[in-house]
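# Residue-level structural notes
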Amino acid sequence: MTEQMTAAVLYGKEHLQIETVDVPKVGAGDVLVRVRAALTCGTDVKVFRRGYHARMIQPPALFGHELAGDIVAVGRGVSGFQPGQRVVAANSAPCGVCYYCRHEQENLCEDLLFNNGAYAEYIRIPQRIVEKNMYEIPSHVTYQDAALVEPLACVMHGLEQTRLQPGDTIAIIGLGPIGMMFVRLAKTVYKAKVIAIGRRQTQLDRARRMGADELVLNDDGADVVGPVHALTGGRGADVVIEAVGIPEVWQLAVQLLRRGGVVNFFGGCPTGTEVGVDTNLLHYSQLTLLASFHHTPVLVRKALDSVTRGYVTAKDFVNRAEPLANLLEVLQHLMSHNGHLKTAIIP
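To keep things clear, this report deals only with the structure shown in the data block.

Parameters and conventions
- Residues numbered from 1 in each chain as written.
- Predicted model: local features only at pLDDT ≥ 70, side-chain atom pairs only at ≥ 80, totals over all residues.
- Heavy atoms only, no water.
- Helix = DSSP H or I, 4+ residues; strand = E, 2+ residues; numbered from the N terminus.
- Rg over C-alpha atoms; globule rule 2.2 N^0.38 Å.
- Buried < 20%, exposed > 50% of the residue type's maximum accessible area, 1.4 Å probe, protein only.
- Areas by Shrake-Rupley, 256 points an atom, 1.4 Å probe, with all protein chains shown as cover.
- Lys, Arg positive; Asp, Glu negative; His and termini not counted.
- Charge placed at Lys NZ, Arg CZ, Asp CG, Glu CD.
- Pairing = 2+ DSSP bridges.
- Axes fitted to C-alpha atoms, helices over the stretch in contact; angles between N-to-C directions.
- Parallel < 35°, antiparallel > 145°, perpendicular 65-115°, else oblique.
- Contact = heavy atoms within 4.5 Å.
- Nonpolar A, V, L, I, M, F, W, Y, C, P; charged D, E, K, R; others polar.
- Core = buried A, V, L, I, M, F, W, Y, C linked by side-chain atoms within 4.5 Å.
- Expected span 1.5 Å × (residues − 1).
- Salt bridge = Lys/Arg side-chain N within 4 Å of Asp/Glu carboxyl O.
- Phe/Tyr/Trp six-rings, centres within 6.5 Å; stacked < 30°, edge-to-face > 60°.
- Lys NZ or Arg CZ within 6 Å of the ring centre and 35° of its normal.

### Re the overall build of the chain
Each helix and strand in the chain was counted, giving twelve helices and 18 strands. Here the chain has a C-alpha radius of gyration of 20 Å; the compact-globule value for 347 residues is 20 Å, and the two agree. Expressed as lengths along the three principal axes of its C-alpha atoms, the size of the chain is roughly 65 × 40 × 40 Å. Relative to its 347 residues, the chain shows a buried fraction of 52%. Of the accessible surface of the chain, which amounts to about 15300 Å², a share of 48% is contributed by carbon and sulfur atoms. Averaging the locations of the 33 positively and 34 negatively charged side chains of the chain gives two centres separated by 4 Å.

Written as C-alpha cells, this is what we have:
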C-alpha cells in the first residue's frame, strides 16, 4: 500500500489546504480505513469559519468527521473486523469509567476521545472507537447512507432527551440538514405530529416531503406563535426543537410550548451569548428547558438501525458529490448558503 495520501489539513480560521501527507500508522487495536465517502456538516462549516473547535479539533490537524469506507489494515489484537469489510465509524468514543460514563451520560465523558481526518484517502480509527463505536455496514446500505449515522445519532440524542412520545406534537424551528433530520426521525421513528417552521418556502416544501404534517413560514415579521397555537388546540407544542442557534429564536421556542412542555435548544449560539427567559412563564407553566451535546454509542447503533431500515437515506440530505480537491470551494459555498444540503466528499 502507498505510504502517502491526499488529505485536508486545517491550519486556522478559513485556512485549509489539500496536501500530501503520510498515511497514518496503525497501532495495536487500531484499524486503517480507506475513505469512500465523507460528508460535510454544519459543525465542519463552523470549525472552518472559526479555525478550531474547543473539544473536537485544534489546528493544525486533519479535518472531517462523518465517514464510511473499507478496512484495509488492522492492528494487533483487533477482533471482529478484517480487511475488506465496509464500516462506519463514529467520530468519538467515551472512556466508560469516569463519573459521567457511570451515570449513563457518555456524551459528557471526561476523557471523550475525538477522531478527525475524514477528508482524506485514509483514516486511522483508534482502538477505543474500534471497540465501542465502529460497525459493519449492511450490504444494501451505501457509503453515503452510512456516513449519515454520526449526525443522526446527535439528532436522536436530542429527541431522546425530550421524551417525545407517539402522538405528541413537536415543532421544529430551522430546516437545514439537521432540522430536516429532526423532521424525518420525529415522524418515522418517534411517530409524532410534526410542525416544521422555516424561513423559505423551498425549505417548507422539503420538510413536507420529509413527513412534516404542518408548515409555518417564519419570514421577517411573521406571526409564528399564533399559527402554532392554532394547530395545537390553543395549547402550544408538547416539544419544541430549536435548530438555528440564534438568541431570538431561542426565545421564540419557549413561546411555542404548551404548559408542561419541553424545549431542546439544539442550535448552539456563539460563545458568550446570553438569553433572557420570562421567569413567570417558566415557573407557572412548568416548562423544561434543556440542550443536548453529541451522542452515545447506544444512539450511534440506533441511528445505524434507522439507516438500515431505510427511514433515512443520503438522497434526502446529500445533493451532490465532489472530489476532495474541491473541499475548500464546497466549504466556502456552504458558508454563504445557510441551510444548504450536505455534500459528499469523495477522496
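The rest of the description comes next.
### Thoughts on the pairing of strand 3 (residues 31-39)
Counting buried residues along strand 3, eight of its nine residues qualify, which places the element largely inside the surrounding structure. Relative to strand 5 (residues 66-74), strand 3 runs antiparallel, the two being bridged by eight bridges. Residue pairing for strand 5: Val35 is matched across the bridge by Gly69. Sheet analysis places strand 3 next to strand 9 (residues 122-125), joined by four bridges and oriented antiparallel.

### Thoughts on the packing of helix 1 (residues 42-50) against helix 12 (residues 327-336)
Relative to each other, helix 1 and helix 12 sit at 95°, their axes nearing to 10 Å. With respect to helix 12, the axis of helix 1 lies roughly perpendicular. The residues of helix 12 that touch helix 1, namely those facing Val45, Phe48 and Arg49, are Leu328, Leu331, Gln332, Leu334 and Met335. Counted by class, the contact of helix 1 with helix 12 contains six nonpolar, one polar and one charged residues.

### Points about the nonpolar core
With 48 residues, the main nonpolar core has Leu148, Leu152, Leu159, Leu164, Ile170 and Val183 as its most contacted residues. Those elements giving two or more residues to this core turn out to be helix 4 (143-147), helix 5 (149-162), strand 11 (169-173), helix 6 (177-188), strand 12 (193-198), helix 7 (201-210), strand 14 (237-242) and helix 11 (297-308). Top element by residues in this core is helix 5. It accounts for seven residues. Beyond its immediate sequence surroundings of up to four residues, Leu164 is in contact with Leu159, Ile170, Ala186, Tyr190, Ala192 and Val239. If you look at the next biggest cluster of nonpolar residues, it comprises 41 residues, including Val31, Cys95, Ile129 and Val130.

### Description of the pairing of strand 6 (residues 86-89)
Side chains on a regular strand alternate between the two faces of the sheet. With four bridges connecting them, strand 5 and strand 6 associate as antiparallel partners. Within strand 6, the position partnered with Ala68 by the bridge is Val88.

### So, helix 5
Under the 1.5 Å per step criterion, the end-to-end length of helix 5 is 20 Å for 14 residues, consistent within 8% with the ideal 20 Å. Where burial is concerned, most of helix 5 is hidden: twelve out of the 14 residues are buried. Val149, Glu150, Pro151, Leu152, Ala153, Cys154, Val155, Met156, His157, Gly158, Leu159 and Thr162 are the residues of helix 5 that are buried. Taken from the residues just after helix 5, Arg163 is the one with a positive phi, measuring 60°.

### Topic: unusual backbone geometry
For the bond running from Pro59 to Pro60, omega is -5°, close enough to zero to count as cis. The topology assignment puts Pro60 in the loop between helix 1 and strand 4 (61-62). Notably, Arg163 is not glycine yet its phi reads approximately 60°, a positive angle. Tracing the backbone shows Arg163 in the loop between helix 5 and strand 11. One non-glycine residue, Lys191, lies in positive phi territory at about 60°. Overall, the relative accessible area of 48% leaves Lys191 in the partly exposed class.

### What to know about the pattern of salt bridges
Applying the stated criterion to the full structure yields twelve salt bridges. Among the salt bridges present, the one from Arg128 reaches Asp111, with a minimum N-O distance of 2.8 Å. Here Arg128, found in helix 3 (residues 127-133), pairs with Asp111, found in the loop between helix 2 (99-102) and strand 8 (113-114); they are 17 residues apart in sequence, far enough to count as distant. Among the residues examined, Asp111 registers a relative accessible area of 43% and is labelled partly exposed. Ionic pairing is found between Glu322 and Arg320, a salt bridge with its closest N-O pair at 3.2 Å. Exposure remark for Arg320: the relative accessible area of 26% places this residue in the partly exposed category.

### Regarding the packing of aromatic side chains
For the structure on display, the rule yields four aromatic pairs. Note on Phe63 and Tyr119: the rings are 5.6 Å apart at their centroids and 75° apart in plane angle, and the pair reads as edge-to-face. Remark: Tyr119 occurs in the loop between strand 8 and strand 9 and Phe63 occurs in the loop between strand 4 and strand 5; sequence separation between them is 56 residues. Look at Tyr99 and Tyr100: their rings are 5.3 Å apart centre to centre, the planes differ by 80°, and that puts the pair in the edge-to-face class. For Tyr99, a relative accessible area of 44% gives the class partly exposed. Tyr100 sits in the partly exposed class, given a relative accessible area of 29%. One Lys or Arg, Arg86, reaches over the ring of Tyr143 and ends 4.7 Å from the middle of that ring.

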